[in-house]
Amino acid sequence: MKKIAQLGAIVALTLAATLAQADTPEAAKSLMDGAIAEVKARGLDKAVKEINGGGKWNKGQTYVVLVNFDGLMLAHSANEKIVGKSMIEAKDAAGKAFVKEAIAAAKGAGAGQIEMRWANPVTKQIADATMFVKRVPGQEAYVGSVVFK
């Protein structure tokens, strides 16, 4: 019985540590890189379906988006309601055209970091966030990973 209690405590501590690290810039970048690898390995259509399913692409306050260079939301791991919609004119709570900025970064340098104020999917409140973006090789699209501060 004592060993079961110890094992339960170890599992709980491990889970707590994992959750505490889930919403970090490093975790967001890792998620973004994983989504790019998914596109490379499975192709765009299968990756879009996988990302839209949430699962491993939605980590609490950190999630993945896939947007083409026309601003069309191809995939969103935390909000399927905006998939298929043009986000080219979208602005954050401070009025920043963050999708245009993300497209410019992905087209130009191939990657970037955009500071924004957006609705946190967990708290449903507007909060400061960082979106890391990277161009998908061979595609006219970028993967973004959003993490809230």
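The rules behind the values
- Residues numbered from 1 in each chain as written.
- Predicted model: local features only at pLDDT ≥ 70, side-chain atom pairs only at ≥ 80, totals over all residues.
- Heavy atoms only, no water.
- Helix = DSSP H or I, 4+ residues; strand = E, 2+ residues; numbered from the N terminus.
- Contact = heavy atoms within 4.5 Å.
- Buried < 20%, exposed > 50% of the residue type's maximum accessible area, 1.4 Å probe, protein only.
- Arc of directions from axis to C-beta.
- Salt bridge = Lys/Arg side-chain N within 4 Å of Asp/Glu carboxyl O.
- Core = buried A, V, L, I, M, F, W, Y, C linked by side-chain atoms within 4.5 Å.
- Phe/Tyr/Trp six-rings, centres within 6.5 Å; stacked < 30°, edge-to-face > 60°.

J.: Explanation requested: the side chain of Glu-38 in the structure shown.
T.: Structurally, Glu-38 is set in helix H2 (residues 25-42). Beyond its immediate sequence surroundings of up to four residues, Glu-38 is in contact with Gly-43, Ala-47, Glu-50, Lys-56 and Trp-57.

J.: What should I look at first to understand helix H4 (residues 98-108) in this one?
T.: Each full turn of the α-helix corresponds to 3.6 residues, which orients residues three or four apart in the same direction. Buried residues of H4: Phe-98, Val-99, Ala-102, Ile-103, Ala-105 and Ala-106, and no others. The buried residues of H4 occupy an angular sector of 165 degrees when projected down its axis, which confines them to one face. If you follow the buried residues of H4, they end up packed against strand S2 (62-68), strand S4 (111-119), strand S5 (126-135) and strand S6 (141-148).

J.: Please explain the pattern of salt bridges as it appears in this structure.
T.: Side-chain pairs of opposite charge can arise whenever the charged atoms involved come near each other. One pass over the structure, following the stated rule, counts nine salt bridges. Residues joined by salt bridges that share partners form a network here, namely Glu-38, Arg-42, Glu-50 and Lys-56.

J.: It is not clear to me how the nonpolar core should be interpreted in this structure. Could you clarify?
T.: Most often, soluble globular proteins have nonpolar side chains that are buried together. Counting residues in hydrophobic clusters, the biggest one holds 23 residues, and the most contacted among them are Phe-98, Val-99, Met-131, Val-133 and Tyr-142. The element contributing the most residues to this core is H4, with six residues. Core analysis: the next-biggest nonpolar cluster, separate from the first, contains 19 residues, Leu-31, Met-32, Ala-35 and Val-147 among them.

J.: How should the packing of aromatic side chains be read in this particular structure?
T.: Centre-to-centre distance and the angle between the planes together describe a pair of aromatic rings. Tallying each qualifying case throughout the model produces two aromatic pairs. Ring plane angle 35 degrees and centroid distance 6.5 Å describe the contact between Tyr-63 and Phe-148, whose orientation is recorded as tilted. With Tyr-63 in strand S2 and Phe-148 in strand S6, the pair connects residues that are 85 residues apart, well separated along the chain. Neither residue differs from the other here; Tyr-63 and Phe-148 are each classed as buried. Plain terms: the ring middles of Phe-98 and Trp-118 are 4.8 Å apart, the flat faces sit at 65 degrees to each other, and that makes the pair edge-to-face. Here Phe-98 is found in helix H4, whereas its partner Trp-118 is found in strand S4, with 20 residues between them in sequence.

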